[in-house]
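Secondary and tertiary structure notes
The chain contents come next:
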Amino acid sequence: MSIDSLRRSARATVSGLPPGFWWLWLSTLVNRTGAFVLTFLSLYLTAELGHSAWFAGLVVALHGLGGVAGSPLGGVLTDRWGRRPTMITMHLAAAACAAALAFVTSAWGVAAVVLLMGVAMQAVRPSINATIADTVPAEDVRRAFSLNYWALNLGFAVASIAGGAAAFLGYRTLFLVDAVATLLCAVIVFLRLPETRPERPERAAGDAGPADRVSMLDVLRDGPFRTLVLLNLLVCLVFTVPWIGLPLTMTGQGLPASSYGMVIAVNGIVIVGFQLLVNKVTERRSPVVLLTVASLLFAVGTGATALAGSPVAFAATVVIWTIGEMVHVPTNAAATARLAPEHARGRYQGVMGMSWAVAGFVAPIMAGAVVDGPGPDVLWAGTFAIGLLAAAGYTLRLRKALREAPEETVAAEAVETVEVVEAVVDRKGAEAVSPSAPASASGA
């Protein structure tokens, strides 16, 4: 692919989106550029405060547990209170928590702050996703989610590099910088982003209750959406396992910790470097096809980890499941927006976000237990099986609910699935990593 064609592809990817989206995109980039707390929290707890690795792991898990509560809370506030006030409030709360970590030193004080920070950080996501769905035309929603995800990972890569270089200033300084970046994100939303919550539908004559009354129970009763959430939970488990199981597997083979750092950095490099290209390859594809392809890539990428024996081989497996990540995340968010009524987008995104938070809490515990018990080969065989199960679920259970057009058929989608795999892998798989191109950044 020539430089000119890449430029044309990039212009096509970013063109035609409304200004409100780009202010939201900028706020995401600014927020993640200062995301130092989670990156350096375990080191701060062990090296600076002298706590055990077990306690550090518990505190990080508490952040995920806070997200389990924060996601549905943010969804309800997004629909009832509004997108903009929810974003501003939760960004301010997260900034306050980041600043508090610079001064709180007691073990359980730190744990409480991190738990609250998990609530705030996860509660803001339904409002962001609902705003994108409100602002962007339906045919461009998946592209917008892809661009926002790219900003998230670009900011995280910058934060990882800058945080490592600035660590000599002290962990507390990094936490204060995180607080300032999150505060600036809230300021951008306050000054530049209008409220986008749709007008509530009028109540029909004779109805006893409001026409827009949608409870969390109603959301869970939505059969297709409930299936989407459960399948996303399976994919999230597969996606989260490598962040715990991969370093354990590599060190178990005698590879140094530095090798893991280089291997997992491939994830961030591939996302930052190729998200726009993957978006171009997959645009206008059926969401069921894309979710199925992503699940297969997760299955193959994680499953192949059991066969890897060198840093290059491990890096190749990371490339495979990272491509799956780039396809899955924006497509899943767009599918959630598509199934949700306009006035209940926050609740739907909140329930979906809860599946990510649950996986973030369960997968580390599960991965550690399997590695210590049956062994890493069983862990990777399990992720392979779960990925295949998710792929089958998308194809068999959601093909009708997420169908792009009535004339689509199973045969046409099967052909499209093969085409997407070939297009994505052929156009970037070989370019993303090689023995002569060591990784140097990471994203999650």
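Above this text sits the structure in question.
Figured I'd write up the structure that's included with this text. Predicted model, so just to flag it, every value in this text is computed and none were measured. (Residues numbered from 1 in each chain as written. Predicted model: local features only at pLDDT ≥ 70, side-chain atom pairs only at ≥ 80, totals over all residues. Heavy atoms only, no water.)

Concerning the overall build of the protein chain
The test is simple: What counts as a helix is a DSSP run of H or I of at least four residues, what counts as a strand is a run of E of at least two, and both are numbered from the N terminus. When accessible area is computed with a 1.4 Å probe and restricted to protein chains, residues below 20% of their type maximum are described as buried, those above 50% as exposed, and intermediate ones as partly exposed. Contacts: residue pairs with any heavy atoms within 4.5 Å of one another. Per-residue and other accessible areas follow the Shrake-Rupley method at a 1.4 Å probe size, with only the shown protein chains counted as cover for residues.
Helix and strand counts for the protein chain stand at 16 helices and zero strands. A total of 444 residues make up the protein chain; the buried ones form 53% of that total. Long-range contacts, defined here as pairs at least 24 residues apart, represent 87% of the contacts in the protein chain between residues at least 6 apart. As displayed, the protein chain has an accessible area near 18,400 Å², and 66% of this comes from carbon and sulfur atoms.

Brief notes about helix H4 (residues 53-80)
Selection rule: Multiplying 1.5 Å by the helix residue count minus one yields the expected span of that helix. The angle between axes fitted to the seven-residue stretch ending at a residue and the seven-residue stretch beginning at it gives the bend at that residue. Under the rule applied, a polar contact is a pair of N or O atoms within 3.5 Å (in protein, one hydrogen donor and one hydrogen acceptor; residues adjacent in sequence only if both atoms are side-chain atoms).
Taking 1.5 Å as the rise per residue, H4 with 28 residues should run 40 Å; its terminal C-alpha atoms sit 41 Å apart, in good agreement. Considering bend angle alone, the principal kink of H4 is centred on Ala-69 and spans about 30°; proline Pro-72 follows within four residues of it. Where H4 begins, one side-chain oxygen reaches toward the backbone nitrogen of Phe-55, 3.1 Å away; that side chain belongs to Ser-52. Remark: Gly-82 follows H4 within two positions and exhibits a positive phi of approximately 125°.

Some points on the nonpolar core
Here is the rule we go by: Take the buried residues of types Ala, Val, Leu, Ile, Met, Phe, Trp, Tyr and Cys, join any two whose side-chain atoms come within 4.5 Å, and each joined set is a nonpolar core.
By size, the foremost hydrophobic cluster in this structure holds 52 residues, and its most contacted members are Phe-225, Leu-228, Leu-246, Tyr-394 and Leu-402. Mapped by element, the contributors of at least two residues to this core are helix H10 (223-252), helix H11 (257-282), helix H12 (287-303), helix H13 (311-339), helix H14 (345-372) and helix H15 (376-397). Per-element tally for this core: the top contributor is H13, with 11 residues. Judged by nonpolar contacts, the second largest core, of 26 residues, contains Leu-24, Met-87, Met-90 and Ala-337.

Here's the deal with the packing of aromatic side chains
Put simply, the test is: Working definition: rings of Phe, Tyr and Trp (its six-membered ring) pair if their centres are within 6.5 Å, and the pair is stacked with planes under 30 degrees apart, edge-to-face with planes over 60 apart, and tilted otherwise.
Considering all chains together, one arrives at 12 aromatic pairs under this definition. Both rings, one in Trp-25 and one in Trp-150, keep their centres 6.1 Å apart while their planes meet at 35°; by these two values the pair is tilted. Taken together, the residues span a long stretch of sequence, with Trp-25 in helix H2 (residues 19-33) and Trp-150 in helix H7 (residues 141-166) at a distance of 125 residues. We classify Trp-25 as buried; its relative accessible area is 14%.

Regarding the pattern of salt bridges
Note the threshold: We define a salt bridge as a contact between a side-chain nitrogen of Lys or Arg and a carboxyl oxygen of Asp or Glu at a distance within 4 Å.
In total, this model carries nine salt bridges according to the counting rule given. Close ionic contact of Glu-48 with Arg-172 constitutes a salt bridge, the shortest N to O distance being 3.2 Å. On the criterion of sequence distance, the pair formed by Glu-48 in helix H3 (residues 37-48) and Arg-172 in helix H8 (residues 171-192) is long-range, its members being 124 residues apart. Residue classification places Arg-172 among the partly exposed residues on the basis of a relative accessible area of 30%. The residue Arg-143 makes a salt bridge to Asp-140 at a minimum N-O spacing of 3.2 Å. Assigned by exposure class, Arg-143 and Asp-140 land together as buried. Where salt bridges share partners, they join Asp-79, Arg-83, Asp-134, Arg-345 and Arg-347 into one cluster.

Focus: the side chain of His-63
By the secondary structure assignment, His-63 is in helix H4. Judged by relative accessible area, which is 13%, His-63 ranks as buried. Beyond its immediate stretch of four places on either side in the chain, His-63 contacts Leu-38, Val-114, Met-117, Gly-118 and Met-121.

Concerning the environment of Tyr-394
Its location among the elements puts Tyr-394 in helix H15. Judged by its relative accessible area of 1%, Tyr-394 falls in the buried class. On a C-alpha basis, the gap between Tyr-394 and Thr-227 in space is 8.6 Å, while along the polypeptide they are 167 residues apart. In this view, Tyr-394 contacts Leu-228, Leu-231, Asn-232, Val-235, Val-288, Leu-291, Thr-292, Ser-295, His-328 and Arg-399; residues no more than four positions away in its chain are not counted.

Examining a nonpolar patch on the surface
Counted only if it meets this: Residues qualify for a patch when their relative accessible area is over 30% and they have no salt bridge, like charges being joined within 9 Å and the nonpolar side chains of Val, Leu, Ile, Met, Phe, Trp and Tyr within 5 Å.
A cluster of nonpolar side chains, Leu-92, Leu-183, Leu-184, Val-187, Phe-190 and Leu-191, forms an exposed patch at the surface whose accessible area comes to about 540 Å². Of all the elements, H8 adds the most residues to the nonpolar patch, at five residues. Among the structural elements, Val-187 can be located in helix H8. Overall, the relative accessible area of 36% leaves Val-187 in the partly exposed class.

Focus: the packing of H10 against H12
Note the threshold: Geometry is summarised by axes, namely lines fitted to C-alpha atoms with helices restricted to the contacting stretch, and by angles between N-to-C directions that run from 0 to 180 degrees. Geometric relationships in this document are graded by angle, where less than 35 degrees denotes roughly parallel, more than 145 denotes roughly antiparallel, 65 to 115 denotes roughly perpendicular, and other angles denote oblique. For any pair of crossing helices, the crossing counts as left-handed if the nearer helix is rotated counterclockwise from the farther one by less than a right angle, and right-handed if it is rotated clockwise. Each residue receives one of three labels: charged for Asp, Glu, Lys and Arg, nonpolar for Ala, Val, Leu, Ile, Met, Phe, Trp, Tyr, Cys and Pro, and polar for the others, Gly being one of them.
Following both chains from N to C, one finds H10 and H12 inclined at 30°, their axes separated by 10 Å at the closest point. Judged by the inter-axis angle, H10 sits roughly parallel to H12. Regarding H10 and H12, the two cross each other, and that crossing is left-handed. Residues Leu-228, Val-235, Val-238, Phe-239 and Pro-242 of H10 lie in contact with H12, whose contacting residues are Leu-291, Ser-295, Phe-298 and Thr-302. Within the contact of H10 with H12, the residues separate by chemical class into seven nonpolar, two polar and no charged.

Regarding the environment of Ala-340
Along the chain, Ala-340 turns up in the loop between H13 and H14. Classification of Ala-340 as buried rests on a relative accessible area of 9%. The spacing of Ala-340 and Ala-133 is 207 residues in sequence and 9.9 Å in space, taken between C-alpha atoms. Not counting residues up to four positions away in its chain, the partners in contact with Ala-340 are Arg-345 and Tyr-348.

Some remarks on the side chain of Thr-302
Summarising the element assignment, Thr-302 is placed in helix H12. Among the polar contacts made by the side chain of Thr-302, one reaches the main-chain carbonyl oxygen of Ala-299 at a distance of 3.5 Å. Other than its neighbours up to four places away in sequence, Thr-302 contacts Val-238, Pro-242, Trp-321, Trp-380, Thr-383 and Phe-384.

Considerations on unusual backbone geometry
Phi at Arg-284 is positive, roughly 65°, even though this residue is not glycine. Mapped onto the fold, Arg-284 is located in the loop between H11 and H12. Judged by relative accessible area, which is 58%, Arg-284 ranks as exposed.

It is worth stressing that arrangement in space is one thing and function is another; only the former is reported here.
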